[in-house]
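So the chains spell out like this:
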Amino acid sequence: MKSTQATESNLLPLVPAYDSILELAPYQTGKPVEELTREYGIADVVKLASNENPMGCSPHVTLAVTEQLAQLARYPDGNGYYLKQALADFNEVDVKQITLGNGSNDLLDILARSFAGTDDAIVYSQYAFIIYPMLAKMQGATGIEVPAHRFGHDLKAMTQAVQDNPNTKMVFIANPNNPTGTQLEHKALREFVASVPPTVLVVLDEAYIEYSPESNNRALLDEFDNVVIVRTFSKAYGLAGLRIGYALSSVAVAELLNRIRQPFNVSRIGLAAAAAALADQDFIEKTRQMNDEQMRWLEKQFDALGLGFIKSHANFIMVEVEVEMEDTTAAVIYQALLEQGVIVRPLTAYGLPNWLRITVGVAEDNLRLIDTLQSILTED
């Protein structure tokens, strides 16, 4: 039998960005509950690793999904007419300014494939969403990481990076930022967009906008054609398992993205669920109130434990767990939490080996986290 290994080895160098892709490490998701149960036999697991909504989703979503079950043999509406209309009304934009995606990551990927090539550069911040440098490598583009300021975006330095690199085609900005939870002011962000050439696309990743409505920069679309806002239904809306997101942009950019996106990239169930979720803003308000209350409670507990943290404007908090104990590091504490059924997110891949990112859970989950963490830190 002919070896497939040789064939694969001969084909791989034909990939345009082969050398860059070889530098990529597969994206590490938060450990699934099922995997932890298999590994440790733990039935009672608290997952605080992936910034999911611990309250689930709106009850209206369940009804909308149920109504679609008899239609699973039928393709979805490829244009997403009803969801786009709802999003247009909600965001006060034209339907022609909307692009739907299989989660916001799908849209970030489409944007990178559309606007950046091997001779181009993509600018992003240190400690920003790890997908941004991955997208640059996948395109064979030059990724330019700008050092962070107080764990957040240094917009002045990012402006300088764009000016110093005339081949810059895109800038990615997460606001609020993942994993640090920092937030940019409207004035500073507008000044940044105005400072870069109109031929540079500024992508605002607003995955956590529902937790920080004051950081909504929708108004920039009325003033700048080179701004794209990307959002998701995976976080506050509680639809992470359905994978649906959307982009707001100029009509010209949306027309381009809608030519490039895959047909039927959002499922029939996803379209119906997202429309129902969007319509229930009371659920979003309850989610935000719960998150705010529990965030304040967690901050007090981390203070009491002597742990540093970054003030967050999202539904997670970044905690420094470097303590004066022999062999006690973030990795050790992460593993110890794991073995007791509490899943959080280590940040070594972000260059933050002494930090953990912890999703804000409901009161019961947060109490379990703090009790477990305290027992680990006070072990002899």
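Structure: see above.
Here the structure is a predicted model, which means the values were calculated and not measured. (Residues numbered from 1 in each chain as written. Predicted model: local features only at pLDDT ≥ 70, side-chain atom pairs only at ≥ 80, totals over all residues. Heavy atoms only, no water.)

Engineer: Please give an account of the overall build of the protein that cites residues and values.
Structural biologist: When helices and strands are tallied, the protein shows 15 helices and 13 strands. Split into buried and exposed, the 380 residues of the protein put 50% on the buried side. In the protein, once contacts between residues fewer than 6 apart in sequence are set aside, the share between residues at least 24 apart is 73%. Carbon together with sulfur atoms contributes 51% to the accessible area of the protein, which is approximately 18000 Å² in total. (Helix = DSSP H or I, 4+ residues; strand = E, 2+ residues; numbered from the N terminus. Buried < 20%, exposed > 50% of the residue type's maximum accessible area, 1.4 Å probe, protein only. Contact = heavy atoms within 4.5 Å. Areas by Shrake-Rupley, 256 points an atom, 1.4 Å probe, with all protein chains shown as cover.)

Engineer: How would you summarise helix α13 (residues 281-304) if you had to cite specific residues and measurements?
Structural biologist: Over its 24 residues, α13 extends 35 Å from the first C-alpha to the last, a length consistent with the 34 Å expected when each residue adds 1.5 Å. Those residues of α13 that are buried lie in contact with β9 (308-310), β10 (316-320), β13 (355-359) and α15 (363-377). Taken from the residues just after α13, G306 is the one with a positive phi, measuring 75°. (Expected span 1.5 Å × (residues − 1).)

Engineer: Could you give an account of the packing of aromatic side chains, naming the residues involved and the relevant values?
Structural biologist: Counting across every chain of the model gives ten aromatic pairs. On the numbers, 4.7 Å between centres and 10° between planes, the contact of Y132 with F172 is stacked. With Y132 in helix α7 (residues 131-139) and F172 in strand β5 (residues 168-174), this pair connects stretches of sequence that are 40 residues apart. The pair Y132 / F172 is uniform in exposure class, with both members buried. Here a set of aromatic residues connected by ring pairs shows up, and it is made of Y127, F151 and W355. The positively charged end of R357 is found above the aromatic ring belonging to F316, 5.7 Å away from the centroid. (Phe/Tyr/Trp six-rings, centres within 6.5 Å; stacked < 30°, edge-to-face > 60°. Lys NZ or Arg CZ within 6 Å of the ring centre and 35° of its normal.)

Engineer: Summarise the packing of helix α8 (residues 155-164) against helix α9 (residues 186-195); cite the residues concerned and give the values.
Structural biologist: Describing two packed helices takes the angle between their axes plus the distance from one axis to the other. Contact geometry for α8 and α9: axes closest at 10 Å, N-to-C directions at 10°. In terms of orientation, α8 and α9 fall into the roughly parallel class. Taken together, the residues of α9 that come into contact with α8 (itself represented by L155, M158, T159 and Q163) are A188, L189, F192 and S195. Classifying every residue of the contact of α8 with α9 by side-chain character gives five nonpolar, three polar and no charged. (Axes fitted to C-alpha atoms, helices over the stretch in contact; angles between N-to-C directions. Parallel < 35°, antiparallel > 145°, perpendicular 65-115°, else oblique. Nonpolar A, V, L, I, M, F, W, Y, C, P; charged D, E, K, R; others polar.)

Engineer: How would you explain empty space enclosed by the protein if you had to name every residue and give the values?
Structural biologist: Over the atoms, a rolled probe matching the size of one water molecule traces out where space is still vacant. In total, this model carries one cavity of 30 Å³ or more according to the counting rule given. A volume near 30 Å³ is recorded for the largest cavity. Taken together, D77, G78, G80, L100, R261, F264, N265, V266 and L271 form the lining of the largest cavity. Considered class by class, the residues forming the lining of the largest cavity number four nonpolar, three polar and two charged. (1 Å grid on protein atoms, 1.4 Å probe; cavity = no way out; pocket = protein on both sides within 12 Å on 5 of 7 lines; lining within 4 Å. Points joined across faces, edges and corners; volume = space filled by probe spheres on them.)

Engineer: Any details on the sheet that holds β10? Residues and values, ideally.
Structural biologist: Reading across from one edge, β9-β10-β13-β12 is the order of the four strands in this open sheet, with antiparallel pairing throughout. The outermost strands of the open sheet, each flanked by one partner alone, are β9 and β12 (345-346). Those strands touched by α13 are β9, β10 and β13, and its axis lies near 5° from that of β10. (Pairing = 2+ DSSP bridges.)

Engineer: Which residues make up the environment of Y246, and what values go with them?
Structural biologist: Tracing the backbone shows Y246 in strand β8 (residues 245-248). A relative accessible area of 3% means that Y246 is categorised as buried. Spatially, the C-alpha atoms of Y246 and V230 are 5.9 Å apart, while their sequence positions differ by 16 residues.

Engineer: Give a description of the nonpolar core that names residues and reports values.
Structural biologist: Within the largest apolar cluster, 55 residues are counted, with the highest numbers of intra-cluster contacts made by I173, F192, F233 and L239. Top contributing element to this core by residue count: helix α12 (residues 268-279), with eight residues. Excluding residues within four positions of it along the chain, F233 makes contact with L83, L87, G238, L239, A240, I244, G245, Y246, A274, A277 and L278. Of all hydrophobic cores here, the second largest spans 34 residues; its members include I110, V203, V253 and Y350. (Core = buried A, V, L, I, M, F, W, Y, C linked by side-chain atoms within 4.5 Å.)

Engineer: Any chance you could break down the sheet that holds strand β7 (residues 227-232) for me, citing the residues and the numbers?
Structural biologist: Taken together, seven strands build an open sheet; the order of strands is β2-β8-β7-β6-β5-β3-β4 and the sheet is mixed. Every interior strand has two partners, whereas the edge strands, β2 (98-101) and β4 (142-146), have only one. Across the sheet, the mean angle from the axis of one strand to that of its neighbour is 20°, orientation sign disregarded. Where β7 meets β8, four bridges bridge the pair, whose relative direction is antiparallel. Residue pairing for β8: T232 is matched across the bridge by G245. Sheet strands touched by helix α6 (residues 104-115): β2, β5, β6 (201-205), β7 and β8. Its angle to β7, the strand with the most contacts, is close to 155°. Contacts between helix α11 (residues 251-260) and the sheet are confined to β2, β6 and β7, with β2 contributing the most and set at about 30° to the helix.

Engineer: Mind laying out the packing of α6 against α7, listing which residues take part and the relevant values?
Structural biologist: Axis separation between α6 and α7 bottoms out at 10 Å; the angle between their running directions is 40°. Here α6 is positioned oblique relative to α7, judged by the angle of their axes. Here the hand of the crossing between α6 and α7 comes out right-handed. Together, N105, L108, D109, A112 and R113 of α6 and I131, Y132, L135 and Q139 of α7 make up the contact between the two elements. (Left-handed = near helix turned anticlockwise from the far one by under 90°.)

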